[in-house]
Amino acid sequence: MDRQTEFVLRTIEERDIRFVRLWFTDVLGMLKSVSVAPAELESAFTEGIGFDGSAIEGFARVHESDMLAKPDPSTFALLPLRGEGPGVARMFCDITMPDGSPSYADPRHVLKRILNKAGDMGFTFYTHPEIEFFLFKDQPARGQKPVPVDEVGYFDHAPNGAGQDFRRAAITQLEQMGISVEYSHHEGAPGQQEIDLRYADALTTADNIMTFRLIVKEVALEQGTYATFMPKPFEEHPGSGMHTHVSLFEGDRNAFFDASGQYHLSKVGRSFIAGLLKHAPEITAVTNQWVNSYKRLIGGGEAPAYVCWGHNNRSALIRVPMYKPNKGTSTRVEMRSIDAACNPYLAFAVVLAAGLKGIEEGYELPAGAEDDVWSLTEAERHSLGIDPLPTSLSRAIAAMEDSELVAETLGEHVFDFFLRNKRAEWAAYRRQVTEFELNRYLPVL
């Protein structure tokens, strides 16, 4: 038994923890949970908790359904207490087959596999997400327009503001669980909030995002409001993204930093960006997996709709920030297309795979776009070699179908299931699309 496992078992006893929730996600990124009694936890560490994989979205067929959830002791955290009830803790799990081999359907394993590849190349992958979401006064009924909790805008500080009270409560709970928050503020649309998590390795960040989404929804319910990570709930307001800053480190050295390079970008950094640009269309179905995701991408409001990069250009798909030009460790790349409704494990996996491909193949970075890409004409964008991102889930699926990079990164099972599920989602959308959506979106979708 390693020290971390011993620490978990000792903490559970000392803190009188009565329930331990074991978490994992399905292929679509939905959180799953099973609670175990503390007395069963030691055997869970060594043997795992058995469950029916065929009942989990995308995990297994009926005749190969037996799977095990093995808790990762490094993810142990106490959940914030509600009232006087007994203590509750949670851990994320790795999913294995009965013989102990990793499950080919486990999104956490998909990310671990590409992180191992990066490690073999000498890199550690760090991510820093800026997570946007909306707060409504209540859950909107089907067909009804949501009502935001406020009518304020970007960085506004309103007296007795519902948003700032909410953010304070949510951040308090996140920090109680050891999840560090860097910034928080009101975003541009009514009821829209942003909370930025501090940078961490990609696996930790993905775990933190899953925890974040649950905490945000639970705090909203406690306060009598409703939180949603839906990318585009309002046609007339900007949508919610998850702008993600990424960087590669070689030990303590930022592999993206070169003091003599343009914007302090190294050759590794430039090739990484080139990989993201080249493979952007084929990874978009993973980073933006819902029909609604594309209403954000084609809806303006600084949402990236074109494959280009720029320095401090928020209309570009890839932005190179320069907030701290003399601090090498801060050199990073911001991917602006990802939304917070994605499966973070799969999204980070394909982003890293695309960047590593650019490094391996020595991709050359094209010229950056310094103008507002949205304001350019189609002819101007064409002359600059700027192509559009897929404008619908169906087009993103088509781009993904022939992608060797995405198929290799996700693995055959996840790749095939993901495509089948998204095709079915698109077909269902087309069958029930409203007249408004037909006129507004389908001409470009």
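These figures come from a predicted structure and were not determined experimentally. (Residues numbered from 1 in each chain as written. Predicted model: local features only at pLDDT ≥ 70, side-chain atom pairs only at ≥ 80, totals over all residues. Heavy atoms only, no water.)

### Topic: the overall build of the chain
This is how it is decided: Each helix is a run of H or I in the DSSP string that is no shorter than four residues. Each strand is a run of E no shorter than two, and both are numbered from the N terminus. Atoms considered for the radius of gyration are the C-alpha atoms alone. The globule rule reads 2.2 Å times the number of residues to the power 0.38. Burial classes follow relative accessibility: with a 1.4 Å probe on protein chains only, a residue under 20% of its type's maximum area counts as buried, one over 50% as exposed, and anything between as partly exposed.
For the chain, the helix and strand inventory stands at 13 helices and 18 strands. Against the 2.2 N^0.38 benchmark of 22 Å for 445 residues, the chain shows a C-alpha radius of gyration of 22 Å, consistent with a compact globule. Reported as C-alpha extents along the three principal axes, the dimensions of the chain are approximately 65 × 50 × 50 Å. Counting all 445 residues of the chain, 57% fall into the buried class.

### What about the packing of aromatic side chains?
Note the following rule: When the centres of two rings from Phe, Tyr and Trp lie within 6.5 Å, Trp using its six-membered ring, the rings pair. Their planes under 30 degrees apart give stacked, over 60 give edge-to-face, and anything left gives tilted.
Per the stated rule, a full pass over the model turns up 18 aromatic pairs. Aromatic side chains Y126 and Y199 sit 5.6 Å apart centroid to centroid with 70° between the ring planes, which places their arrangement in the edge-to-face category. Placement of the pair is Y126 in strand 7 (residues 124-136) and Y199 in the loop between strand 9 (192-197) and strand 10 (200-201), with a sequence separation of 73 residues. On the basis of relative accessible area, Y126 is assigned to the partly exposed category, the value being 23%.

### Description of a negative patch on the surface
Keep this limit in mind: Think of a patch as exposed residues, more than 30% relative accessible area, with no salt bridge, where like charges cluster within 9 Å and nonpolar side chains (Val, Leu, Ile, Met, Phe, Trp, Tyr) cluster within 5 Å. For accessible areas, the Shrake-Rupley method is used with a probe of radius 1.4 Å. Any residue's cover is judged against the shown protein chains and nothing else. Salt bridge, as applied in this entry: a Lys or Arg side-chain nitrogen positioned within 4 Å of an Asp or Glu carboxyl oxygen. Think of it this way: Lys and Arg go in the positive column, Asp and Glu in the negative one, and His and the chain ends go nowhere. Taken as the charge centre is NZ of Lys, CZ of Arg, CG of Asp or CD of Glu, depending on the residue.
Residues E370, D371, D372 and E380 make up a contiguous surface patch of negative charge. Along the chain, the position of E380 falls in helix 9 (residues 378-383).

### Considerations on helix 4 (residues 162-176)
The test is simple: Each helix should span, by expectation, one fewer than its residue count multiplied by 1.5 Å. Residue contacts are counted whenever heavy atoms from the two residues lie within 4.5 Å of one another.
The end-to-end C-alpha distance of helix 4 is 21 Å, a good match for the 21 Å that 15 residues give at a rise of 1.5 Å each. Along helix 4, the residues classified as buried are G163, Q164, F166, R167, A170, I171, Q173 and L174. If you follow the buried residues of helix 4, they end up packed against strand 7, strand 8 (181-186), strand 9 and helix 5 (202-222). Positive backbone phi, at 85°, marks G178, one or two positions downstream of helix 4.

### What about helix 1 (residues 3-14)?
Operational definition: Polar contact is the term for a pair of N or O atoms within 3.5 Å; when the atoms are in protein, one must be able to donate a hydrogen and the other to accept it, and sequence-neighboring residues count only if both atoms are side-chain atoms.
The end-to-end C-alpha distance of helix 1 is 16 Å, a good match for the 16 Å that 12 residues give at a rise of 1.5 Å each. In this structure, the buried side of helix 1 is in contact with strand 1 (17-25), helix 2 (41-47) and strand 6 (87-96). Two to three positions downstream of the cap, the backbone nitrogen of Q4 sits 3.2 Å from a side-chain oxygen, assigning the N-cap of helix 1 to D2. Within two residues after helix 1, D16 carries a phi angle of roughly 55°, on the positive side.

### So, the layout of surface pockets
For the record, the criterion: Think of a 1 Å grid over the protein atoms and nothing else: a 1.4 Å probe that fits but is trapped marks a cavity, an open set flanked by protein within 12 Å on at least five of seven lines marks a pocket, and residues with an atom within 4 Å of a point count as lining. Grid points are joined across faces, edges and corners, and a volume is the space filled by probe spheres set on the points. The residue classification treats Ala, Val, Leu, Ile, Met, Phe, Trp, Tyr, Cys and Pro as nonpolar and Asp, Glu, Lys and Arg as charged. All others, Gly included, are polar.
Size it by volume and the largest pocket reaches roughly 1,600 Å³. The wall of the largest pocket is formed by 43 residues, among which T228, M230, K232, P233 and N292 lie closest to the centre. Among the secondary structure elements, those contributing two or more residues to the lining of the largest pocket are helix 5, strand 11 (226-228), helix 7 (291-297), helix 12 (412-432) and helix 13 (435-440). For the lining of the largest pocket, the class distribution of residues is 25 nonpolar, 8 polar and 10 charged.

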